[in-house]
Amino acid sequence: MSQITIKSPKHCASKQALKIDRNYRKLFFGLSAFFTSILSLILLIWFILHPAKPQFSLIEADIYQLNLSGPNLNSSIQLTLLSKNPNQKVGIYYDEFQAYATYKGQQITGDTSVPPFYQGQEESNLLTSSLVGNGLPVAPSLGYEVGRDQITGRLVLNLKVNGKLRWKVGTWVSGRYRFNVNCVSIMAFGPSIPQGPLISKQGAQCSTTI
């Protein structure tokens, strides 16, 4: 006598639900493996190419105005930088680029923006910017510092850049990275210096951090 097994509708439903759950798991693991492979490929390309950070050089800095009026400062500086992309296979998008000047740790000009631009592989760009400060509040000690530098015969400025960039490898473009540039300019300064702008043409290398 053969045994007849009758399955209840509830039993069939649970079995079908288990089958659907397994299909979802297969789909999930398949998609996870796909995206992991893509991410691994991107990271592999990134580490193989390992883009070098951009290089900046100070070409010229001209001070046309640096006048104290009580606790406020009026300044006017013309800045020229050389920006170079040292990478052979990586381009750079500069999305934000703001330059300003500091003296003795105090910002003496406002932030001046340079329009966004793209820099190709091993390409160089000459960047000029007018840095201006109108009625900027400064510490009372700044006048003393300027007078002391006039006696010693030299004035040291820091020309700085803050911004955001993206790397471009083929058709792939990275996320944004913040970068900071610091250039040091040393100028002859003193009572014997003729009237006119203070000019620094050193071609000094600047430090860049990302």
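Conventions we followed
Residues numbered from 1 in each chain as written. Predicted model: local features only at pLDDT ≥ 70, side-chain atom pairs only at ≥ 80, totals over all residues. Heavy atoms only, no water. Salt bridge = Lys/Arg side-chain N within 4 Å of Asp/Glu carboxyl O. Helix = DSSP H or I, 4+ residues; strand = E, 2+ residues; numbered from the N terminus. Buried < 20%, exposed > 50% of the residue type's maximum accessible area, 1.4 Å probe, protein only. Core = buried A, V, L, I, M, F, W, Y, C linked by side-chain atoms within 4.5 Å. Contact = heavy atoms within 4.5 Å.

J.: Got a minute to help me understand the pattern of salt bridges in this structure?
T.: Pairing of side chains with opposite charge becomes possible as their charged atoms draw close. A complete count under the given rule lists five salt bridges for this structure. Between Arg176 and Glu96 there is a salt bridge, and its shortest N-O distance comes to 3.8 Å. Within this pair, whereas Arg176 is found in the loop between strand S9 (172–173) and strand S10 (177–188), its partner Glu96 is found in strand S3 (residues 91–103), the two being separated by 80 residues in sequence. Take Glu96: its relative accessible area is 33%, and that puts it in the partly exposed class. Through salt bridges that share partners, Asp95, Glu96, Arg166 and Arg176 make up one connected network.

J.: In this structure, what is going on with the nonpolar core? I would like to understand it.
T.: Side chains that are nonpolar tend, in soluble globular proteins, to be buried together. Ranked by internal contacts, the top residues of the largest apolar core, which has 37 residues, are Leu58, Tyr94, Phe97, Leu157, Leu159 and Phe179. For this core, the secondary structure elements donating two or more residues are strand S1 (55–69), strand S2 (72–84), S3, strand S7 (124–137), helix H2 (141–152), strand S8 (154–169) and S10. At seven residues, the largest contribution of residues to this core is made by S8. Once residues lying within four places of it in the same chain are set aside, the contact partners of Leu159 are Leu58, Ala61, Leu79, Tyr100, Ala101, Leu131, Val181, Asn182, Cys183 and Ser185.

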